[in-house]
Structure formats: C-alpha cells, structure tokens
Amino acid sequence: MIHGTHQSCTTDYHFEYTECDSSGSRWRVAVPNPSAECSGLPDPVRGKECTFSCASGEYLEMKNQVCSKCAEGTYSLGSGIKFDEWDELPAGFSNVATFMDTALSSSESKANSCNNSSWTPRGNYIESNRDDCTVSLIYAVHLKKSGSVFFEYQYIDNNIFFEFFIQNDQCKEMDSTADKWVKLTDNGEWGSHSVTLKSGSNILYWRTTGILMGSKVVKPVLVKNITIEGVAYTSECFACKPGTFSDKPGASGCQVCPRDTYSEKGAKECTKCKEEMYYAEEGSSACIERPPCTSKDFFQIHTPCDKEGKTQIMYKWIEPKICREDLPDALTLPPSGERQDCPPCNPGFYNNASSSCTPCPPGTFSDGTQECKACPAGTEPALGFEYKWWNILPGNMKTSCFNVGNSKCDGMNGWEVAGDHIQSGAGGSDNDYLILNLHIPGFKPPTSVTGATGSELGRITFIFETICSADCVLYFMADVNRKNTNVVESWERSKERQSYTHIISKNASFTFTWAFQRINEGQDSRQFINDMAKIYSITVTNAVDGVASSCRACALGSEQSGSSCVPCPPGHFIEKESSQCKECPANTFLSIHQVYGKEACIPCGPGSKSTKDHSACFSDCLVSYVKDNQSLNYNFSNLSQVGSLMSGPSFTSRGTKFFHFFNISLCGNEGKKMAICTDNITDVTLKDMVAESEDFSNFVGAFVCQSTIIPSDSKGFRTALALQSNSLADRFLGATVETVLENISIKADMFPPSPSKTLDVHFFYKSSTVTTSCENGRATVVTMRCNPNKPGQGELSVPSSCPAGTCDGCTFYFLWESAEACPLCTEQDYHEIEGACKKGFQETLYVWNEPKHCIKGVPLPEKRTSPCETVDFWLKVGAGVGAFTAVLLIALTCYFWKKNQKLEYKYSKLVMTTNSKECELPAADSCAIMEGEDNEEEIVYSNKQSLLGKLKSLATKEKEDNFESVQLKSSRSQNI
C-alpha cells in the first residue's frame, strides 16, 4: 500500500491507494486511523492511474483526487521529494556500520568497534564517519515510473572512499550505478551527483570507508539536498525548514531568510531581530544576543603607500559586526591613522613616485628599492615572483573565507597583510577555512635552455609558521589546469618558522592554495581566534608572466656579441668566453639551475649514460666492473620491463588489511620512466590514465613508484583499490658493486648473504620530492643478485626487517634475484677435458665450471677432435735422460772440486813443515794417510770399482799416475 497522510478534519479515517494491478489501475479506499473506531466508511472508488503525478508546487488532495497548490509556508516538488533538513535523520533513512575486513571480521571486538560509527546529521547537511569503518546511509523508494536521484556533496580526502550505488529488492546492483565512485571535490566547494532510477524498488546507498594508515583522521564526506524525482504522487506539501520561508502559494521551494532575520518551521515570512540587542546570520532560526566587543572583533590593516612613502595603520571591525560597544567592559575601536614608513617594493617591482608598486617592464629588473634597469648585454631577466613585503595583496593572489556549515564568513578576507608577513584572518567561526590563493599561468625554463625535458621546470618556496593552542591545520594545495585540487603537504598544531619547497615538473597552469583551519568542528563561541598562520615570503621561479629581480647569463647570436639572447638547443650550455651555445660532453646532463659555464654539465654516475638531449642520466642495462685484473660484465636488458612487488599484508591500528605495491623500471627504454602508479585504479583503466596522464593528477610515472592497495576481500569492496600513489625515484644516480653512492648506502646485512660467489650490483635512484619527514627527498636502492635457480624476471623482495621496503620512510631497499642478473660468461668460466686416444684420435671437451654463475657472454666451445701424437713418448724419455745427465754432471763437478782442495791442503802443509825444521833431519815425506785422517778414498782402491769409480777412471785416462802417492826428495829420505 502507498500511504497518503491527508486526513479529514471531521472523520476518524484517511484515504490510501491500493497497490497497482497488472493493468496499471488502483483503488482509493478509506482506512480508519489507528486510535479511532468508526463504521460507515466511504466505499472504494477507482483511483488515479499509477503513473499520475502533480506538478511542482502542488499536491494530490486525496478526498477529491485533484491536484491543489501548496499553501504559503510550504512547498512541493510535485513528483519528487527533497531532504534538505538534517537536524535529525529523516524518516526512511537508516545507518549500517560494519568492519568489513575479512581477515579480522571474526573477532567480535572488531565488529563491535564500529557500533558507534555512523552518518551524523549536522543541520544543513549530513556528515560521514571519520574512522576506518564501512558505513552506509540507506534509503528505499518505490517508483511507479523512471526517475532520478540528485544530491550535493563535499569529498576532499582521498583517504576515505565514497561510493554511491543502487540495488533492487533482490539486493542486486543496478546497471545505472556502473560508475559508482564519486569524484573528489575542491576544498570548500560543493559538487553534485545524479543517477537515473528505474521504475520499481530502488535501494539507495551512500557508503564511505576510511583508510587510516596510522596518521591523520580522515576528512568526512558531507551530503545535502538529496532530491528524488519519479514518485507517483505527493499527498502533502512540505513545510519550509527553519531559517527559510515561502510567501506565495504553489511554491516549489523555500527562500533563505536574510541576515538579521529569522523564521521558524513553515514560515510565510521572516521576522526581524531587534537590531541593537540581537543579530542573526543568514538562514537563522533564532536571533542571538549581541556580546560585548573584544580585541577579537577588530583587526588592523596597512593602507597603500602614499607619495611620501608612508602608510597608515587602520583598524576595522570584523564584518558583519555582531558585538556591542555600549556594554560594560566592551572595547571600542582604536584610533586609526598612525603613519609609518612603507616597506620597499617586492623584488621585480618599483615605486615610480606613486602610491603603489608596479612591475618592471619586460627585459628589466629591480631589487625593489631601485629603478628598473635593463639587463646588460649577454644576460636576460630571471623571471619569477618573490613576495616578502606585504603592504597590499599582490595582483595574482586573492583571499577568501569558507565554512561548510554556515555562511558567517562569506565575503570576509581569509588572510590579512601585515607588513613583513601575511597572516590568517579572524573569520566568522573557529572551524572556518581561511584561504589564500596564488595563480601562476605556467612555467618555462630560461631562454637558453628552451626544450629541456628535465624533471624540474620551476619551484615554489615559502617560509611560514603556525601559532596554535588547539588542533589547527595549515594545508598547502596545488591545482593543475583548474581540474582538481590536491593536498601537497599539511602541518598540524604549532610549527616553528621554517621553509618548504615544492618542485614543478610540467608546464601547466597552477593555482597554489594555503588553507588554515583552527579546529575542524564548529562551536557556539569563539575560543581560538588568536590561533594563526603566518607566511613571511613566497618565491616562485621560472614563472610565465613573472618579474625579475636579477639577470642571468644567456647565449648570444653568433654574428655579433651584442646581439639578443637566443635559445640553446637541448643539452647545450653557455660558454663563458664566447657566450655561445656548446653541447655538453658525452655522459653528462645539463643542470636546470645553472646553464653558464661547462660546470653546468654534471657527469653521470657509474654505469650510466646521458639521454640524447642531456636532460638526465639513465642505465642502458650494461654494467662493467674491473678489480684486480678481473673483469665482470652484466647485461640486464631482459629485466628492463617493469618489475612489480606486492609486500604485506600489513594492518592499520583498527585492523584494516592493506598491501604495499611497488613498480620498478630498472633500466633501458632510453631513460623513460616506465613505472606507473595510480589512485583509484578500479575507477579508470590504466590505458585511460596513460592517455590522460598530462591532466590526471593521481597518475605517477617514475623509475620506482609505490601505491597502497586495499585488496578486494577487505572492506567489502568488489575489486581492489589503490591510493596514496607517489614517486620514490625520478632520477637515476648510477649502478655499481660499491655499497655507497652520493651519501646513499646499503648495509651488508640488509639482505641474506648471496649463495653465489658473484658480486651484487646496486642501482641507486633519487626522488626530487621533498617532504617534512624527508628533507633530502626519498632514495631507492635496487640490489641485483645472481640466482641461477630463478630464471626470467626472477623475484623481487624487501628486507625482512622492513616489510614496507623502508625502515625510515625515506630510503627504500629492494632485492631482485634472477638468473638474468648473473655476469656474462668469459673464458675463465669453463675448462677443457682431454679424452684418451682411440684409433689414433683424441677428443677434447669443454664444460662450464660448477656451479655455473654466468649467462650468455662467451659461448662454450664445441667438442674438438685431433690425431694422437706418438712422438710424445720419446719426448718424455729424452727429457728424463737429459734430467739424469744434468744431475750426474753436477755431482762430478762437486767431487773433483773437493779433491783438488784436499791436495792443495796437503801440499801447503808439507811446505810449512819443511821450512820450520831445516836444522832437523828430514823425515820421510809421504802422502799416506796420517793419524786422525779419514780414509775418504777407500772406494777408489777397492778391487771392484763402482759405476762412480769407473767414471772417475775414465776422467783421468790421459794421466798414468793414479795419484796414489807423491814422492818428494829431502835430506831425510836420502839419509834413510
């Protein structure tokens, strides 16, 4: 039954329609009210056709079954219903909260942890959960004809997934919600979403799932003005909600009460507040008593400089003024007009005897204190913006204030200039977003490096601090080509004065936004108005339409030294002596920050070469290493395709399962960054993302990139989701077996020891993205290890001690094991085996050394067959005889030398004896063996001579005397 709520004033019954039959007809019947007892009800009558509906501003009066206009103070959409009042959850809506991670859903405590998670009404809108539970806002509607659903929303945080889909009464998802992922909106802006509804039962789901990675609370999704078209009829008009009114019959909507007026529900007009005592914001349901004025109700500004170089300090009330000065202890507005010296103009601007600073004409420069001068010959202006004096807001900047729940600060300035800095304004509420925008139409490198394709085209640097007593947040955001604003970095609570730099890598239109919020929930009273953010300076380099504070060298035409600047071809530097363009040497890349002098060409690291335009260095997959006369050559060409690694699972503090997904483009591809990571990978196909990569803000291309993956079995999603994609490496440093390169090192125990004897090769990369936690940017080391047991692409892994690939969040380590990572084979990697002679032939085989730790390179020689050589035996015999003869000759030489020495000794002794005893009778002289001497020559006088004796005899053949004795004449012998 479809219930109407129209009820007769004189009876105790009301009318309803029956369900439609197969012919599309129905009946109007009278139904007693629940608390009434009556009889004699009217007879059923044929009702309106099932597809009948009234026009907007009308309702179906059931008694007479005719369309009537809505009365004043009410409205109707005719065939639709609208939900724009969210003080409480409207009838028909329900909340369902679950913890969908299947890995932990069996835990009762995890399931119960989401009981308090829900969509929360906030007056003008309804707010989603802020945790990592999955919460669905559900509404069921039955349509007699096709219709539509429309709603407005704010969705600014990609750490929460927001989907809208429709199911039928069999819980099957409708085809009309194929594109169920709702797109992100810019900070402070409301988006809209509409979907076609089919006739019949439609169950509408607004579902959110927060992804908490151990850091910040997610920003909730906000939804308002839900409108459903296609209901069969509306049996009553809706009363205007408080703060709105309808002053004419037949209204299709209500108007908002203006400021300082209010209205209650169903109002025909708004009531004015007593101006002196009460006030009301736009769309208020009541007036509020004006409080006494305090120092929080006014602010000071500096007037533009006058011709005397003076500025005045002026005090103004915060508009709209809601405080009273006539109450006790109330403050009055301080006197204005104090004159002070003006700060100088910002660099690139000059005060030409006027009250304002004007930009220097093209081709000139100024430091802000002197007149604009033309750049000298051979130089050009260094274009950009440098704002460090804040007397007035620069022309390419604007400020605003926004609050999602009210319009108190609409039209207010979110930021105020304050001389040497610009600071956040008062706003209307403590949860206002105080917004400061800077628009840069584009970026381009200096004239002399036109055509460079380096990773940096420009940069924005700002110095800031935050002073907070509560949980304030300062957001820095970037919008590319006015398509989507993404948070680049954020800072919570008080932060000391510091500098932050963001690198610009492509030429596009950028809008940079600083948004300051004191607290993220509204309060009735102002408690944190003194919390503020200050920005002292903003510097942008290489900005299109920028101004110049200095000049830099440029290349000149070749005809004459005084000619104008000309662009150098890619990869060329400016020679100091001639100011001409010269190409960088081989294997060097051109610095984007300096193009003057040969030192602008930076040498590539080990194992790398430069691109053709000298814009970067890359690895051609060939790495060589020489040490101790040992040469190792590697060829990683077969690993040049993107390698992928999924590490995990890991779990958040609430138990949500997620994985770290990495893509690695190791080498080759002429230096192109082939690793691609994307957010919301199920929403847009990879092919579409590549095609729209220039404008797709969540598309990341790098040598190494990372995404966080929520698997399909987690959170109840039907397919896997990717988020938090970022680049880990966009610059190649080099490839070497050394473990340190450019202050990036890898510890010896980072990975298990290599089972092979070959050396690991380390590929070093760097990222130019700087974050608050990684002041020097991120770095990546990919260790290539030879493993013959892992052919093809092999296997990627991360250190066991750091399952996320990093232990500090800044340096990432990967181990890539593959047979393709083995060195190229050389002659030292095989040996030969000679076979025995068979039938006059001998085979020589060549086999690899085991275990084999090389690939490709020198091929294994084929088997060789050769005739046997018999002369080898006689060569061996001859060599043996020659060796024996040499030993024998050495022995004989030693023997005769010793015998000669002995004879000389005996002879000298005999002479000495003769000379000392001339007066004595001479004794018998003899060469016989004396007492005490050894008979060393017994072997000579043996009857049977040995082989040695025979040889000795042959040696003395020419002398008859065998030297058996020596007879000498003496007086003694004669006497005898």
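Residues numbered from 1 in each chain as written. Predicted model: local features only at pLDDT ≥ 70, side-chain atom pairs only at ≥ 80, totals over all residues. Heavy atoms only, no water.

(A) Region of interest: the overall build of the protein chain. Counting its secondary structure elements, the protein chain contains 5 helices and 67 strands. Sorting the 976 residues of the protein chain into buried and exposed places 44% on the buried side. Contacts in the protein chain between residues far apart in sequence, at least 24 positions, make up 65% of those at least 6 positions apart. Counting only carbon and sulfur atoms, one obtains 51% of the accessible surface of the protein chain, whose full area is about 50,900 Å². (Helix = DSSP H or I, 4+ residues; strand = E, 2+ residues; numbered from the N terminus. Buried < 20%, exposed > 50% of the residue type's maximum accessible area, 1.4 Å probe, protein only. Contact = heavy atoms within 4.5 Å. Areas by Shrake-Rupley, 256 points an atom, 1.4 Å probe, with all protein chains shown as cover.)

(B) Representation of the pairing of strand β26 (residues 310-317). By the bridge criterion, 5 bridges tie strand β25 (residues 298-302) to β26 in an arrangement that is antiparallel. Its bridge partner lying in β26, Ile301 is registered against Met314. (Pairing = 2+ DSSP bridges.)

(C) Structural context of the nonpolar core. Within the largest apolar cluster, 44 residues are counted, with the highest numbers of intra-cluster contacts made by Trp415, Leu438, Phe512, Trp514, Ile538 and Val540. Judged by nonpolar contacts, the second largest core, of 32 residues, contains Cys114, Val141, Leu197 and Leu204. (Core = buried A, V, L, I, M, F, W, Y, C linked by side-chain atoms within 4.5 Å.)

(D) Quick look at unusual backbone geometry. Going from Glu850 to Pro851, the amide bond is cis rather than trans, its omega being -5 degrees. Within the secondary structure, Pro851 sits in the loop between β66 (841-848) and β67 (864-867). Notably, Asp260 is not glycine yet its phi reads approximately 65 degrees, a positive angle. Of note, Asp260 is situated in the loop between β20 (255-256) and β21 (261-262). With a phi angle near 55 degrees, Asn542 is a residue other than glycine that sits in the positive phi range. Summarising the element assignment, Asn542 is placed in the loop between β42 (532-541) and β43 (547-553).

(E) The arrangement of the packing of aromatic side chains in detail. Inspection of the entire model under this criterion finds 42 aromatic pairs. Pairing Phe462 with Phe464 gives two aromatic rings, centres 5.6 Å apart and planes at 45 degrees, and the pair type is tilted. An aromatic cluster of three or more residues is present, and its members are Phe83, Trp86, Phe93, Trp119, Tyr139, Phe151, Tyr153, Tyr155, Phe162, Phe164 and Trp206. In this structure, Lys224 packs its charged tip against the face of Trp190, placed 4.2 Å from the ring centre. The residue whose ring lies beneath Arg497 is Tyr536, and the NZ or CZ to ring-centre distance is 3.8 Å. (Phe/Tyr/Trp six-rings, centres within 6.5 Å; stacked < 30°, edge-to-face > 60°. Lys NZ or Arg CZ within 6 Å of the ring centre and 35° of its normal.)

(F) Region of the structure containing the sheet that holds strand β33 (residues 397-402). In space, the 5 strands of this open sheet follow the order β33-β36-β41-β38-β39, with antiparallel pairing throughout. Strands at the two margins of the open sheet, each flanked by one partner only, are β33 and β39 (485-492). Pairs of neighbouring strands in the sheet enclose a mean axial angle of 20 degrees, with direction left out of account. (Axes fitted to C-alpha atoms, helices over the stretch in contact; angles between N-to-C directions.)

(G) Up close: the sheet that holds strand β16 (residues 200-210). Spatial strand order, β9-β12-β16-β14: 4 strands in an open sheet with antiparallel pairing. Both outer strands of the open sheet, β9 (93-98) and β14 (160-167), are each paired with one neighbouring strand and no more. Strand-to-strand twist of the sheet, defined as the mean angle between neighbouring strand axes without regard to direction, takes the value 20 degrees. Pairing analysis gives 10 bridges linking strand β12 (residues 134-143) to β16, with the strands arranged antiparallel. Pairing of Val141 across the sheet is with Asn202, part of β16.

(H) Representation of the state of the cysteines in the model. What the rule picks out here adds up to 18 disulfides. What pairs with Cys54 in a disulfide is Cys67, and their sulfur atoms sit 2.0 Å apart. In this structure the cystine formed by Cys54 and Cys67 twists about its S-S bond by roughly -85 degrees; its chirality is therefore left-handed. Of the two residues, Cys54 sits in the loop between β4 (45-46) and β5 (58-61) while Cys67 sits in strand β6 (residues 66-69), which places them 13 residues apart along the sequence. Put simply, Cys621 and Cys667 are joined by a disulfide, and their sulfur atoms are 2.1 Å apart. The disulfide joining Cys621 to Cys667 has a torsion of about 100 degrees about its S-S bond and is therefore right-handed. (Disulfide = S-S within 2.5 Å.)

(I) How the structure looks around the side chain of Ser136. Structurally, Ser136 is set in strand β12. Contact partners of Ser136, with chain neighbours within four places excluded, come to Ser94, Asn95, Val96, Trp119, Tyr205, Trp206 and Arg207.

(J) Examining the pairing of β42 more closely. The buried fraction of β42 amounts to 8 of the 10 residues, a majority that puts the element mostly inside the structure. Alignment of strand β32 (residues 379-387) against β42, held across 4 bridges, turns out to be antiparallel. Each residue of the ladder has a partner; that of Glu386, found in β42, is Thr539. Where strand β37 (residues 458-467) lies against β42, 8 bridges are found, and the strand directions are antiparallel. Looking at the pairing, Ile460 lines up with Val540 of β42.

(K) View of the confidence of the model for the protein chain. Here the protein chain averages 79 in pLDDT, and 82% of its residues register 70 or above. The low-confidence segment residues 102-111, where pLDDT is below 50, has 11 contacts with residues more than four positions distant or belonging to other chains. Confidence drops under pLDDT 50 across residues 957-976; counting only partners more than four residues distant or on other chains, this segment forms 20 contacts. (pLDDT = per-residue confidence, 0-100.)

(L) Focus on the pattern of salt bridges. For the structure shown, the criterion picks out 14 salt bridges. The shortest N-O distance in the salt bridge between Glu127 and Arg130 comes to 3.4 Å. Exposure class is identical for Glu127 and Arg130. Each is buried. With a shortest N-O distance of 3.6 Å, Glu820 and Lys856 are connected by a salt bridge. With Glu820 in the loop between β64 (811-818) and β65 (830-834) and Lys856 in the loop between β66 and β67, the pair connects residues that are 36 residues apart, well separated along the chain. Overall, the relative accessible area of 44% leaves Lys856 in the partly exposed class. Salt bridges sharing partners connect three or more residues here, namely Arg122, Glu127 and Arg130. (Salt bridge = Lys/Arg side-chain N within 4 Å of Asp/Glu carboxyl O.)

(M) View of the environment of Ser194. Its place among the elements puts Ser194 in strand β15 (residues 191-197). On the basis of relative accessibility, which here comes to 51%, the residue Ser194 falls in the exposed class. Measuring from C-alpha to C-alpha, the distance between Ser194 and Thr227 comes to 9.3 Å, with 33 residues separating the pair along the chain. Here Ser194 is in contact with Val149 and Phe150, once residues within four sequence places are set aside.

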